[in-house]
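# Results of the structural survey
Here is how the chains run, residue by residue.
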Amino acid sequence: MELKAQAVSILKDAIQKIGFGVKDSELYFETSSHADLASRAAFRLASLHRQNPTYIASRIVSAVKIPDGSYIEEVDSSGPYINFHAGRHYLNRTIATILEEKKKFGCGAQKNTIILEHTSANPNGSLHVGHIRNSIIGDTLARILKRAGYNVEVQYYVNDMGRQIAVVSWACEHFELDRSKKPDAAIADIYIKANTELNKNSEYVTEIDVLMKNVEAGDIKTIERFDKAVALAIAGIKATLLRLNVAHDKFVNESRFLKSGAVKDIIERIKATGRTKIDNGAVVVNLSDYGFEKTLVIQRSNGTSLYTTRDLAYHEWKIEQADRVIDVLGADHKLISGQLRATLNAIGIKEPEIVIFEFVSLPEGSMSTRSGQFISADDLFDRVIEAALKQVNTRRPETSDDFKKEVSEMVGIGAVRYDIVKVSPEKSTVFNWKAALDFEKQGAPYIQYSYARACSILKKAKEDATWEFSFETNPSLLVEDSEINLIKKMAMFDHIIYLGALELKPHVLAIYARELADAFNQFYHFIPVISAEDEKVKAARLALVDCARIVLANSLDTLGIAAPESM
RNA sequence: GGGCGCGUGGCCUAGCCCGGAUAUGGCACCAGCCUCCUAAGCUGUGAAUCGGGGGUUCAAAUCCCUUCGCGCCCGCCA
């Protein structure tokens, strides 16, 4: 990050010196295999001033003045490109900073407050592999934002009074809950049964309507029944999320906004904008000036509120407590979240930032809790951990059962998290058991393995009685290609965090972590550390290994993936 | 029918917002590497009409138009 800031300043000075003006956004910096940082500014200036870009680039380069102590060692041009090369000072500073900051390396300055909502699956059953894409993207995003310096509170919005919950509550009255099962799975079973009954018998549907009316009217008995069903499902969902290493700071019930009068209040304010009309007894909002053909229903003809209405109140409540509000939502929420934003805007409330991810489907079609067509997250975890255990058994047969269990959980869950977070959210995916259970690829285990290797070297070095740790580390002795590549890759960590936080794209960190592991594995292969010929070189390399261990650990931590010291 | 997203070697995928140096990486395939810090590793080979067609530009995977395929949405569900 600091490297880029210095390059920007050097380039701007040089461009000014040759008599051109340029905005920061016109410097066109990019990473390149030809340099540590490259600029395409000459192309821009060429079209602006009708001159040959190569000529401009060479003029800029000859006007470049590198200040003393700069991270940049050399600036040259290659055709129209202006290439910046980092120097020794940059490499040494990187090593020193990592050793000094350790876990804090890559953290940004203190920033403002964010409330981030993710998962928020209806408590009508278990989390399935579609939901956990939401959880993993949301949780990773929260971790990235925290490292970037934001104060992040993570929330789960609990639908505790919608139609689907009424169905669950109804199901609890009509079917026996299987107490031997995990509570969310037991709820899913009766929810599926109830839906089949409901489809067969329309009388039952009116029973559901009555339940919903009662809840809205504040009927204590019905509310208690709803609460009981919701609590069971949420307990199971929390347990599943815990296995995934995902935790929420707050679970916010929808019903509180009805009880508090916030829902009623917000409906009145929307009415006051003059956008509403009564359509067949229901209150609808006209958002055509925001580009929405369809009106948004905020109150049913029977007077009850909808999910959307309560969600409006929830968002107002959130933005009162934070500077930014971020929601991670599935692609099915695209339209409704756009309408929600428009409505909030219409009544002068700051809109949330929405992160949309596309669907995970099964080879036989899309997943559905209602029809029972889904692969539960717990099933996936069980099978993936089992597959990991097989691997540990063949690779480390000499280790204890506890070790094997611990490592297979770290590897299995890590693999799930990585596989999901590595692909950009806008890509829809098809779940595939074979791919999910396959560890023979550059996924989480690859990164974890690199970390374990680094730990192993450091452990061996410490065990070596003849070796003194008192040697001063001189990073200038790290001159091999693979050493320099590794240092440069580590130096980019803060920029990756910044980028991920700026664009709200967690997959950039996943890709970075794999590249970092790549750089470390290459170093590991080519450069001896413990058996290094020279004691001072050995000390410098051990410091480098320690740095790699730290940055790999920080990357894994930000990805929410466990880092095993041995595997 | 309308709206949004996606389409990159056999399979998965980066890059697209902000057009520029030989299009990223993996899986699978093939060929090497363990008397040496964990081979869940390293090195190398082959494999691509960037869905198709137009356009803008000195320059298009990237921008615009069009067309095809896939997904999602278009409920007084969430």
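Residues numbered from 1 in each chain as written. Chains lettered and ligands numbered in written order. Predicted model: local features only at pLDDT ≥ 70, side-chain atom pairs only at ≥ 80, totals over all residues. Heavy atoms only, no water.

### Some points on the sheet that holds strand 15 (residues 429–430)
Spatially, the three strands line up as an open sheet ordered 14-13-15, and their pairing is mixed. Single-partner strands in this sheet number two, and they are strand 14 (365–366) and strand 15. As judged from the two bridges shared by strand 13 (residues 360–362) and strand 15, these two strands associate in the parallel manner. Bridge pairing in strand 15 links serine 361 to valine 430. (Pairing = 2+ DSSP bridges. Helix = DSSP H or I, 4+ residues; strand = E, 2+ residues; numbered from the N terminus.)

### Here's the deal with a nonpolar patch on the surface
Together, Met1, Tyr498 and Leu502 line one region of the surface with nonpolar side chains, adding up to about 300 Å² of accessible area. Among the structural elements, tyrosine 498 can be located in helix 19 (residues 493–503). When its relative accessible area of 39% is taken as the criterion, tyrosine 498 is described as partly exposed. (Patch = residues over 30% accessible without salt bridge, like charges linked within 9 Å, V, L, I, M, F, W, Y side chains within 5 Å. Areas by Shrake-Rupley, 256 points an atom, 1.4 Å probe, with all protein chains shown as cover. Salt bridge = Lys/Arg side-chain N within 4 Å of Asp/Glu carboxyl O. Buried < 20%, exposed > 50% of the residue type's maximum accessible area, 1.4 Å probe, protein only.)

### Side note on the sheet that holds strand 6 (residues 151–158)
Read across the open sheet, the five strands follow the order 7-6-5-11-12; overall the sheet is parallel. Only two strands of the sheet have a single partner each, and these edge strands are strand 7 (250–253) and strand 12 (353–357). Mean inter-strand twist for the sheet, computed between neighbouring axes without regard to direction, equals 25 degrees. Here strand 5 (residues 113–117) runs beside strand 11 (residues 324–330); their pairing, made up of four bridges, is parallel. (Axes fitted to C-alpha atoms, helices over the stretch in contact; angles between N-to-C directions.)

### Observations regarding the protein's contact with RNA strand B
Around RNA strand B, the surrounding shell holds 70 residues, and the nearest of these are Lys294, Ser424, Tyr449, Ser456 and Tyr524. Near-protein atoms of RNA strand B (within 4 Å) split between backbone and bases, with sugar and phosphate holding 65%. Asparagine 280 places a main-chain nitrogen or oxygen 2.4 Å from a base nitrogen of RNA strand B. Between RNA strand B and lysine 334, the relevant distance is 3.2 Å, taken from a sugar or linking oxygen to a side-chain nitrogen or oxygen of the residue. Counting only elements with at least two residues in the surface near RNA strand B, the list comes to strand 4 (81–86), helix 6 (163–174), helix 12 (307–321), helix 13 (334–346), helix 14 (377–395), helix 15 (401–421), helix 17 (444–463) and helix 20 (507–526). Broken down by element, the residue count for the surface near RNA strand B peaks at nine residues, all from helix 20. Across the surface near RNA strand B, the residue classes break down as 26 nonpolar, 21 polar and 23 charged. (Near = heavy atom within 4 Å. Polar contact = N/O pair within 3.5 Å; in protein donor to acceptor, adjacent residues only side chain to side chain. Nonpolar A, V, L, I, M, F, W, Y, C, P; charged D, E, K, R; others polar.)

### Some remarks on helix 8 (residues 202–217)
For helix 8, which comprises 16 residues, the first-to-last C-alpha distance of 23 Å matches the rise-based estimate of 22 Å (1.5 Å per residue) to within 8%. Within the sequence span of helix 8, burial applies to Ile208, Leu211, Met212 and Val215. Seen end-on, helix 8 carries its buried residues on one side only, within an arc spanning 95 degrees. In helix 8, the exposed positions angled more than 90 degrees off the buried face are occupied by Ser202, Glu203 and Ala217. (Expected span 1.5 Å × (residues − 1). Arc of directions from axis to C-beta.)

### Comments concerning the domain arrangement of chain A
By domain assignment, chain A separates into domain 1 (2–86) and domain 2 (377–559). The distance between the C-alpha centroids of domain 1 and domain 2 comes to 35 Å. (Domains from an automatic or database assignment.)

### What to know about the side chain of serine 424
Turning to its location among the elements, serine 424 is positioned in the loop between helix 15 and strand 15. Filtering out sequence-adjacent residues up to four positions away, serine 424 remains in contact with Arg133 and His507. (Contact = heavy atoms within 4.5 Å.)

### Some thoughts on the nonpolar core
If you look at the biggest cluster of nonpolar residues, it comprises 176 residues, and the most contacted ones within it are Phe84 and Met490. Looking at this core element by element, the count peaks at 11 residues for helix 21 (residues 535–559). For this core, the domains that each give at least three residues are domain 1 (2–86) and domain 2 (377–559). With near-sequence residues (within four places) excluded, methionine 490 lies in contact with Ile95, Ile98, Phe105, Tyr512, Leu516, Leu544, Cys547, Ala548 and Val551. (Core = buried A, V, L, I, M, F, W, Y, C linked by side-chain atoms within 4.5 Å.)

### Quick notes on the environment of asparagine 195
As for its position among the elements, asparagine 195 is in helix 7 (residues 183–200). Excluding residues within four positions of it along the chain, asparagine 195 makes contact with Val167 and Arg370. Within the structure, asparagine 195 has its side chain in polar contact with the backbone oxygen of tyrosine 191 (distance 2.9 Å).

### A word on the pairing of strand 11
Within strand 11, seven of the seven residues are buried, which leaves it mostly tucked inside the rest of the structure. Residues Arg324, Ile326, Val328 and Gly330 of strand 11 are buried on one face, and the alternating residues Val325, Asp327 and Leu329, pointing to the opposite face, are buried as well. In the sheet, strand 11 pairs with strand 12 via five bridges, with the strands oriented parallel. Paired with leucine 329 across the strands is isoleucine 356, a residue of strand 12. For the segment spanning strand 11, helix 13 and strand 12, crossover handedness is right-handed. (Right-handed = clockwise from strand over helix to strand, strands pointing away.)

### Here we look at the packing of aromatic side chains
Scanning the model with the defined rule gives 16 aromatic pairs in all. Where phenylalanine 43 meets tyrosine 81, the ring centres are 5.7 Å apart and the plane angle is 80 degrees; that geometry is what we call edge-to-face. Taken together, the residues phenylalanine 43 in helix 2 (residues 41–49) and tyrosine 81 in strand 4 connect sequence positions 38 residues apart. Here the aromatic rings of phenylalanine 431 and tryptophan 433 are separated by 5.1 Å at their centres, their planes lie at 85 degrees, and the arrangement is edge-to-face. (Phe/Tyr/Trp six-rings, centres within 6.5 Å; stacked < 30°, edge-to-face > 60°.)

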